[in-house]
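Coordinate analysis (summary)
One letter stands for each residue in the lines below.
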Amino acid sequence: MTTTIDPGEIEKFQAMAAEWWDPEGKFKPLHMLNPCRLDYITTQIAGEFDRDLRAERPFDGLRILDIGCGGGLLAEPMARLGAKVVGVDAAERNIPVAQAHAAQSGLDIDYRHTTAEALVETGEAAFDVVLNMEVVEHVADPLAYLTACQRLLRPGGLMVCSTLNRNPKSWVMAIFGAEQVMRWLPKGTHDWSKFITPDELYDLIRRAGLAPVDRMGFVFNPLTWSWRLSERDLSVNYVTASTKAA
């Protein structure tokens, strides 16, 4: 079976699995970023599938795949919005953490220890949405991985993919700042050489068979200690939306 899994990358997240739901723990950056990520994701899904976010369960009837689901920080909000959610992660220890928290929250989420490539081989495709957040910079073959994501989407489906830009500023912010100064993440969590520029990601997305339709930056403000979306500043964290032809 083909795989783009990098064993060394998986081991990093295995070691941190139990801390997923601690807002002051090793995943503090994701907890801080999550409202901003959810704002972008829900807006893109609502726009693509003509859903009213003011409704009680606006994503009823949608099948959403969350790749690299971790402890469920994105899967749980998607389930609350009415979607049928499958969460997959290559780090085995993340799955029982996610399952336990979903059970405590009264949510029915299908969590699995598997990969995008393995899902493709089972023939279980036809997801309306693939969430691919902060994963592509950790895989061994980004194009093969994004191609697997494309194959998991139904025609007319939407992929939301975020990652980190590769430039001197992203090294200062994500490697030196987040890992070495703030100690938000263990040293070595990210490999700067694997970061992908927005133009490179757009090219990879197109080569994988999808059509990029949007991209925005996630910008951290150290004064307000908060994140915001930016149409112009994609210098460090950024997110893209792309669609599969109907």
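Residues numbered from 1 in each chain as written. Predicted model: local features only at pLDDT ≥ 70, side-chain atom pairs only at ≥ 80, totals over all residues. Heavy atoms only, no water.

**Thoughts on the overall build of the protein**
Formally: Numbering goes from the N terminus for both helices and strands, where a helix is a DSSP run of H or I of at least four residues and a strand is a run of E of at least two. Throughout, exposure labels follow a simple rule: accessible area from a 1.4 Å probe, protein chains only, divided by the maximum for the residue type, with under 20% read as buried, over 50% as exposed, and the rest as partly exposed. Note on contacts: a residue pair qualifies if any of its non-hydrogen atoms lie within 4.5 Å across the two residues.
Along the backbone of the protein there are eight helices and eight strands. Across the 246 residues in the protein, those meeting the buried criterion constitute 56%. For the protein, long-range pairs separated by at least 24 residues make up 70% of all intrachain contacts whose partners lie at least 6 apart in sequence.

**Observations concerning the pairing of strand β5 (residues 153–164)**
Applicable threshold: Pairing between strands is defined by DSSP: at least two bridges between them are needed. For crossovers, right-handed means that the path from the first strand over the helix to the second runs clockwise, given strands pointing away from the viewer.
Counted residue by residue, β5 has 10 buried out of 12 residues, so it is predominantly covered. Sheet topology note: the strand β4 (residues 127–133)/β5 ladder contains six bridges and is parallel. Its bridge partner being in β5, Leu 131 is matched across the sheet by Val 160. The parallel pair β4 and β5 is bridged by helix α6 (residues 142–152), and the resulting crossover is right-handed.

**A short note on helix α2 (residues 28–49)**
Here is the rule we go by: To estimate how far a helix should extend, the number of its residues minus one is multiplied by 1.5 Å. What is called the bend at a residue is the angle between a pair of axes, fitted to the seven residues leading up to and ending at it and to the seven starting from it.
Between its terminal C-alpha atoms α2 stretches 31 Å, which fits the 32 Å expected from 22 residues at 1.5 Å a residue. Its axis deflected by about 45 degrees at Asn 34, α2 carries its strongest bend there, up to four residues before the proline Pro 35. The element α2 is extensively covered by neighbouring structure, given that 16 of its 22 residues are classed as buried. Looking at the residues trailing α2, positive phi occurs at Asp 50, about 55 degrees.

**Quick notes on the nonpolar core**
Across soluble globular proteins, you tend to see nonpolar side chains buried next to one another. Basically, it comes down to this: We call a set of buried residues a nonpolar core when its members are Ala, Val, Leu, Ile, Met, Phe, Trp, Tyr or Cys and they connect through side-chain atoms within 4.5 Å of each other.
Judged by nonpolar contacts, the single largest core of 35 residues is most densely connected at Ile 45, Met 78 and Leu 131. Among the secondary structure elements, those contributing two or more residues to this core are α2, α3 (75–80), α4 (94–104), β4, β5, β6 (211–221) and β8 (237–243). A per-element tally of this core places α2 first, with eight residues. Filtering out sequence-adjacent residues up to four positions away, Ile 45 remains in contact with Asp 50, Phe 59, Leu 62, Ile 64, Met 78, Val 129 and Leu 158. Ranked by size, the runner-up nonpolar core spans 28 residues in total, among them Val 136, Leu 153, Ile 205 and Ala 208.

**Some words on the side chain of Thr 240**
Structurally, Thr 240 can be placed in strand β8. The class for Thr 240 is buried, based on a relative accessible area of 0%.

**Some details on the sheet that holds strand β2 (residues 84–89)**
For clarity, the threshold we go by: Note on geometry: axes are lines fitted to C-alpha atoms, helical ones only across the stretch in contact, with angles between N-to-C directions running from 0 to 180 degrees.
With mixed pairing, eight strands are arranged side by side in an open sheet as β3-β2-β1-β4-β5-β8-β6-β7. At either margin of the open sheet sits one strand with a lone partner, and together these are β3 (110–113) and β7 (226–230). With direction set aside, neighbouring strand axes in the sheet form an average angle of 20 degrees. Bridge count for β5 against β8 is seven bridges, and the pairing is antiparallel. Within β8, the residue paired with Leu 164 across the bridge is Asn 237. In this fold α2 packs onto β1 (63–67), β4, β5, β6, β7 and β8, with an angle of close to 155 degrees to the strand it touches most, β5.

**Quick word on unusual backbone geometry**
With glycine set apart, most residues show a phi of negative sign, and most peptide bonds adopt trans. The backbone of Asp 50 sits at a positive phi, close to 55 degrees, despite the residue not being glycine. Looking at Asp 50, the relative accessible area reads 71%, which means it is exposed. Non-glycine residue Glu 134 carries a positive phi angle of around 55 degrees. Looking at the secondary structure, you find Glu 134 in the loop between β4 and α6.

**Description of the packing of aromatic side chains**
Definition in use: Aromatic rings from Phe, Tyr and Trp, with only the six-membered ring used for Trp, were paired whenever their centres fell within 6.5 Å, and each pair was classed as stacked if the ring planes differed by under 30 degrees, edge-to-face if by over 60, and tilted otherwise. Working rule: Lys NZ or Arg CZ, within 6 Å of ring centre, within 35 degrees of ring normal, means a charge sits over the ring.
A complete count under the given rule lists two aromatic pairs for this structure. Residues Phe 220 and Trp 225 carry aromatic rings whose centres are separated by 5.2 Å and whose planes lie at 70 degrees to one another, so their mutual orientation is edge-to-face. Residue Phe 220 is classed as buried on the basis of its relative accessible area of 16%. When its relative accessible area of 40% is taken as the criterion, Trp 225 is described as partly exposed. Pairing Phe 220 with Trp 227 gives two aromatic rings, centres 5.3 Å apart and planes at 50 degrees, and the pair type is tilted. Summarising the burial analysis for this pair, Phe 220 and Trp 227 share the class buried. What links up through ring pairs into an aromatic cluster is the set Phe 220, Trp 225 and Trp 227. Above the plane of the ring of Phe 127 lies Arg 63, whose end atom (NZ or CZ) is 4.3 Å from the centre. When the ring centre of Tyr 202 is taken as reference, the NZ or CZ atom of Arg 215 above it lies at 4.4 Å.

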